[in-house]
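Residues per chain are reported as follows:
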Amino acid sequence: MCSVPRWILFSKLMNLRYSSRVLAFCDLMVLPVEFAFAELAVVVNVRSGVAVLTRNEVMNIFLGRYRQFFNGLEAKPVDLLDSNPDRAHFYQALVGKDVSEINAYWARLVFSGRVRPPVQVAGAEDVLKWVASNPGGIGFVDLSKVDARVRVVLELKP
């Protein structure tokens, strides 16, 4: 959260004109919402032989740069639809890019014919099913939705 004490923010707020004060107050009220997003977990199939992945390895798999896990098993990433807010949170946390930038990145790669984007599914339950049914499956879900069908290999903080 904000490291500036609230009384300092309030005193600075009182020194502004009324219209600016209202806008600044609204900004202060919105600030904590940024931290309300859930923690995301990158998950793999329990039979994949993968116990942990680095942020860099996950980034390279989801951006199509790596096609295999370190053990030689083909990595099969699954992504969420653009309309799912977890997709935006995932790419922002992983690579610092928004969904439109990721879509543009994949459009360039697809046009060049080098690689295909990850399969897309609608929600967390679909991701869990897909990862559990594919030995090289890798996906991301809200940490609270992880179950015994998958193994967490990386946690992404909001």
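Data block above holds the structure.
Summarised in this report is the structure supplied together with it. Bear in mind the structure is a predicted one, so any value in this text is a computation, not a measurement.

## Some remarks on the packing of aromatic side chains
Moving on, step 1. Within this structure, the stated rule accounts for 6 aromatic pairs.
Moving on, step 2. Ring centres of Phe-62 and Phe-140 lie 5.8 Å apart, and the angle between their planes is 65 degrees; on these two criteria the pair is classed as edge-to-face. Taken together, the residues Phe-62 in helix 3 (residues 55-62) and Phe-140 in strand 4 (residues 137-142) connect sequence positions 78 residues apart. This pair shows no difference in class: Phe-62 is buried, exactly as Phe-140 is.
Moving on, step 3. With a centroid separation of 5.0 Å and an interplanar angle of 75 degrees, the aromatic rings of Phe-90 and Tyr-91 are classed as edge-to-face. Each member of the pair, Phe-90 as well as Tyr-91, carries the same accessibility label: buried.

## Some details on the packing of helix 4 (residues 85-95) against helix 5 (residues 99-112)
Moving on, step 1. It is at 9 Å that the axes of helix 4 and helix 5 come closest, and there the two elements cross at 80 degrees. When the axis of helix 4 is compared with that of helix 5, the two are roughly perpendicular. Taken together, the residues of helix 5 that come into contact with helix 4 (itself represented by Arg-87, Ala-88, Tyr-91 and Val-95) are Val-99, Ile-102 and Asn-103.
Moving on, step 2. Residues of the contact of helix 4 with helix 5, tallied by class, amount to 5 nonpolar, 1 polar and 1 charged.

## Re the packing of helix 3 against helix 4
Moving on, step 1. Here helix 3 crosses helix 4 at 125 degrees, and the two axes come no closer than 10 Å. By the angle class used here, helix 3 and helix 4 are oblique. Taken as a pair, helix 3 and helix 4 cross one another with a handedness that is left-handed. Between helix 3 and helix 4, the residues in contact are Arg-55, Val-58, Met-59 and Phe-62 and Phe-90, Tyr-91, Ala-93, Leu-94 and Val-95, respectively.
Moving on, step 2. Class assignment of the residues belonging to the contact of helix 3 with helix 4 gives a composition of 8 nonpolar, no polar and 1 charged.

## What about the side chain of Asp-86?
Moving on, step 1. In this fold, Asp-86 is placed in helix 4.
Moving on, step 2. For the buried residue Asp-86, which engages in no salt bridge, the nearest side chain bearing the opposite charge is Lys-145, 5.3 Å off.
Moving on, step 3. Setting aside residues no more than four positions away along its own chain, Asp-86 makes contact with Leu-40, Leu-80, Phe-140 and Asp-142.

## Thoughts on the sheet that holds strand 2 (residues 76-80)
Moving on, step 1. Taking strand neighbours across the sheet as the criterion, the 5 strands line up as 3-2-4-1-5 in an open arrangement whose pairing is mixed. The open sheet is flanked by strand 3 (119-121) and strand 5 (150-156), the only strands paired with a single partner. Neighbour to neighbour, the strand axes of the sheet diverge by 30 degrees on average, direction disregarded.
Moving on, step 2. Sheet topology places strand 2 next to strand 3; 3 bridges connect them, and they run parallel. In the sheet register, Leu-80 faces strand 3, and the bridge partner there is Val-121.
Moving on, step 3. On the sheet, helix 3 packs against strand 1 (40-45), strand 2, strand 4 and strand 5 and is oriented at approximately 110 degrees with respect to strand 4.
Moving on, step 4. Strands strand 1, strand 2, strand 3, strand 4 and strand 5 of the sheet are contacted by helix 6 (residues 124-133), whose axis makes an angle of about 155 degrees with strand 4.

How each quantity is defined
Residues numbered from 1 in each chain as written. Predicted model: local features only at pLDDT ≥ 70, side-chain atom pairs only at ≥ 80, totals over all residues. Heavy atoms only, no water. Phe/Tyr/Trp six-rings, centres within 6.5 Å; stacked < 30°, edge-to-face > 60°. Helix = DSSP H or I, 4+ residues; strand = E, 2+ residues; numbered from the N terminus. Buried < 20%, exposed > 50% of the residue type's maximum accessible area, 1.4 Å probe, protein only. Axes fitted to C-alpha atoms, helices over the stretch in contact; angles between N-to-C directions. Parallel < 35°, antiparallel > 145°, perpendicular 65-115°, else oblique. Contact = heavy atoms within 4.5 Å. Nonpolar A, V, L, I, M, F, W, Y, C, P; charged D, E, K, R; others polar. Left-handed = near helix turned anticlockwise from the far one by under 90°. Lys, Arg positive; Asp, Glu negative; His and termini not counted. Salt bridge = Lys/Arg side-chain N within 4 Å of Asp/Glu carboxyl O. Pairing = 2+ DSSP bridges.

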